[in-house]
Amino acid sequence: TVTVACERPEGAAAEETFRGVRLRRLASVREFGALLDEGFDVAHGHMPRKPFVMAGLLAARRRGIPTVFTPHCFY
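A short tour of the structure in this document, coming up. Bear in mind the structure is a predicted one, so any value in this text is a computation, not a measurement.

Reading guide: rules and limits
- Residues numbered from 1 in each chain as written.
- Predicted model: local features only at pLDDT ≥ 70, side-chain atom pairs only at ≥ 80, totals over all residues.
- Heavy atoms only, no water.
- 1 Å grid on protein atoms, 1.4 Å probe; cavity = no way out; pocket = protein on both sides within 12 Å on 5 of 7 lines; lining within 4 Å.
- Points joined across faces, edges and corners; volume = space filled by probe spheres on them.
- Helix = DSSP H or I, 4+ residues; strand = E, 2+ residues; numbered from the N terminus.
- Nonpolar A, V, L, I, M, F, W, Y, C, P; charged D, E, K, R; others polar.
- Pairing = 2+ DSSP bridges.
- Axes fitted to C-alpha atoms, helices over the stretch in contact; angles between N-to-C directions.
- Core = buried A, V, L, I, M, F, W, Y, C linked by side-chain atoms within 4.5 Å.
- Buried < 20%, exposed > 50% of the residue type's maximum accessible area, 1.4 Å probe, protein only.
- Contact = heavy atoms within 4.5 Å.
- Salt bridge = Lys/Arg side-chain N within 4 Å of Asp/Glu carboxyl O.

1. A few points about the layout of surface pockets
There is about 730 Å³ of room inside the largest pocket. Residue lining of the largest pocket: 27 residues in total, with Thr-3, Val-4, Ala-5, Ala-43 and His-44 positioned closest to the centre. When residues of the lining of the largest pocket are traced back to their parent elements, those giving at least two are strand E1 (3-7), helix H1 (32-36), strand E4 (43-46) and helix H2 (51-62). Classifying every residue of the lining of the largest pocket by side-chain character gives 15 nonpolar, 7 polar and 5 charged.

As structure tokens, then:
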């Protein structure tokens, strides 16, 4: 099962499934803890220029969840 966590824009649903992928939209970085408590094998951070991504990776590392970091857009 793949879960994608991302920031929740105003008016968007907190959770839905799109083409078989579970989307979890978080209102703030404080919600990462509850999300990670569900249990994950690995956390992947994509596009590190946002503090939201780094907060998610840090929360995963603190729980002992292996992390993968894919940097992009460093000019």
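2. Re the sheet that holds strand E3 (residues 21-26)
Taken in spatial order, the 3 strands of this open sheet run E1-E3-E2, and their pairing is mixed. If you trace the sheet from one side to the other, it starts and ends with E1 and strand E2 (15-18), each paired once. Between one strand and the next, the sheet's axes are offset by a mean angle of 30 degrees, whatever the strand orientation. Sheet analysis places E2 next to E3, joined by 4 bridges and oriented antiparallel. The residue bridging Glu-16 from the neighbouring strand is Leu-23, located in E3.

3. What about the nonpolar core?
Ranked by size, the top nonpolar core spans 9 residues in total: Leu-26, Phe-32, Leu-35, Leu-36, Ala-43, Phe-52, Ala-59, Ala-60 and Ile-65. Elements that contribute at least two residues to this core include exactly H1 and H2. When residues no more than four places from it in sequence are discounted, the contact partners of Leu-26 are Ala-5, Cys-6, Glu-7, Arg-8, Glu-31, Phe-32, Leu-35 and Phe-52.

4. Observations concerning the pattern of salt bridges
By the definition in use, this model includes 7 salt bridges. Its salt-bridge partner being Arg-24, residue Glu-38 comes within 2.5 Å of it at the nearest N-O pair. One end of the pair, Glu-38, is in the loop between H1 and E4; the other, Arg-24, is in strand E3, and 14 residues separate them in sequence. According to the relative accessible area criterion, Glu-38 is partly exposed, its value standing at 42%. Using a relative accessible area of 15% as the deciding quantity, one classes Arg-24 as buried. The shortest N-O distance in the salt bridge between Asp-37 and Arg-63 comes to 3.3 Å.

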